[in-house]
Amino acid sequence: MGAATAVAQVRTGMALPQALAGVFASSDATPQSRGAIQDIAYRAMRKLGHSDALIAMMAPKAPDPLVAGLLACALPLMQKDEDGTSAYEQFTVVDQTVTAAAAHPDTARAKAMINAVLRRFQRERKELLEAAQLQPVAKWNYPQWWIDAVRAAYPDQWQAVLATGNQPPPLTLRVNARKGTVEDYLQTLEQAGIAATRIGPQAVRLAKPVGVHLIPGFDEGLVSVQDAAAQLAAQLLDVKDGQRVLDACAAPGGKTCHILELADAQVTALDADAKRLLRVGENLERLGLQAALQPAEAQNRDWWDGQAYDRILADVPCTASGIVRRHPDIRWLRRKGDTLQLATLSAKILDNLWQMLAPNGKLLFVTCSLWPQESEAQAAAFAARNGAVRLDAPGQLLPTGGSEQDHDGLFYALFQKHA
């Protein structure tokens, strides 16, 4: 019921982490129950298009939001995972879903219908799954406009991009270069019985995710959690000791901390959300690092002291279409028009930050979007407007999951200012 409540709230426009936080705050769920609620809700988000198609085929009429939420949580649990295993026995899922429905006043009247739908799925599973596969939204688990946009932007890779976004994300760590080497840390993990692989200069991917406080050395600042693609930012920025550096849109601070792990620089972490900036402070403290925290909007200049920066990291607002495997609710929350709106704001931020860059300085433009309007088209337009020199950078990284590469979809463009 906790997971179903969160799913119903996402349909009203609330982000899944906020919906889950509300569920946890209003219940006395144990840590173990919270983990289960979160797991079921995330599974439901990854299969929401598929579940909606099945519900439409089986339910006599469109169910109320909470009933639809229960069914959307139950149906994925009655199907095998990618590795061929089942999280729960089917009869357990049916029994517990009906029990949950009976215990809540908003769903008690629908318990017979829920039971009938789930038992029908058990009986007619093969035929229902085949019928669902004929509908693109059900097959791929994205809104139709999203499928069309990926297909238009990446005609050769669109299926792989969509499929990767439906996989659970890896747990990737960044080894703190100030406190040890990747080789030493891999040995530490091996001694702890945790299988892991190196997938970047400081990037280590765990074979199976574990809670952060169970990660050896996490609390002592030996490692941080950060996607392998996001770890490229600090290296591309090429910060030297003593330089003034601005990390704009910095929260939660992964890139801020990585910069400071690689160089003794004067870093200002800027973010519009003062609460999220507190997270940056917590991460700095855990790692034993220092930066100036500045709550302000990156498109404004009233906070700036007028001293130019040698390096600027501009991780600008975007649709986050490249990180849907970590945030599967994003695809259901975004609207087609969001891309233009966010690209317009990002252009203002980039133009504003460029005025704060010293001659010969470098600005790294980062976005976790897959849409060219927010990435390559934005970079090209920015360079043309400002006469910026474009340096080598990876450009568009598509989300990928594999033994050699396993990272989110990010875009990088690096610019230098004329002396």
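Look a little higher up for the structure.
Definitions and cut-offs
- Residues numbered from 1 in each chain as written.
- Predicted model: local features only at pLDDT ≥ 70, side-chain atom pairs only at ≥ 80, totals over all residues.
- Heavy atoms only, no water.
- Axes fitted to C-alpha atoms, helices over the stretch in contact; angles between N-to-C directions.
- Helix = DSSP H or I, 4+ residues; strand = E, 2+ residues; numbered from the N terminus.
- Parallel < 35°, antiparallel > 145°, perpendicular 65-115°, else oblique.
- Left-handed = near helix turned anticlockwise from the far one by under 90°.
- Contact = heavy atoms within 4.5 Å.
- Nonpolar A, V, L, I, M, F, W, Y, C, P; charged D, E, K, R; others polar.
- Pairing = 2+ DSSP bridges.
- Buried < 20%, exposed > 50% of the residue type's maximum accessible area, 1.4 Å probe, protein only.

Chemist: Account for the packing of helix 1 (residues 2–11) against helix 2 (residues 16–25), naming residues and giving values.
Modeler: Contact pair helix 1 / helix 2: the axes reach a minimum separation of 9 Å and the direction vectors enclose 140 degrees. Comparing the axis directions of helix 1 and helix 2 gives the class oblique. Like other packed secondary-structure pairs, helix 1 and helix 2 cross with a definite hand, here right-handed. Residues Gly2, Thr5, Ala6, Gln9 and Val10 of helix 1 form the contact with helix 2, whose own contacting residues are Leu16, Ala19, Leu20 and Val23. Its residues placed into classes, the contact of helix 1 with helix 2 shows six nonpolar, three polar and no charged.

Chemist: Describe the sheet that holds strand 8 (residues 309–315), with residues and values.
Modeler: Backbone-to-backbone hydrogen bonds pair the strands of a sheet. The strands run either parallel or antiparallel. Strand order in the open sheet formed by seven strands is 7-6-5-8-9-13-10, and the pairing between neighbours is mixed. The open sheet is flanked by strand 7 (292–295) and strand 10 (389–396), the only strands paired with a single partner. Put simply, the sheet's adjacent strands are angled 15 degrees from each other on average, direction ignored. As judged from the four bridges shared by strand 6 (residues 266–271) and strand 7, these two strands associate in the parallel manner. Counterpart to Asp271 in the pairing with strand 7 is Pro295.

Chemist: Break down unusual backbone geometry for me, with residues and values.
Modeler: Of all residues except glycine, most have a negative phi; of all peptide bonds, most are trans. That bond from Ala251 to Pro252 is cis: its omega, 5 degrees, falls within 30 degrees of zero. Mapped onto the secondary structure, Pro252 falls in the loop between strand 5 (244–248) and helix 13 (254–262). Positive phi, normally seen in glycine, also occurs at Cys249, with a value near 55 degrees. A positive phi angle is found at Asn360, which is not glycine, with a value near 70 degrees. Here Asn360 lies in strand 9 (residues 357–367). Classification of Asn360 as partly exposed rests on a relative accessible area of 44%.

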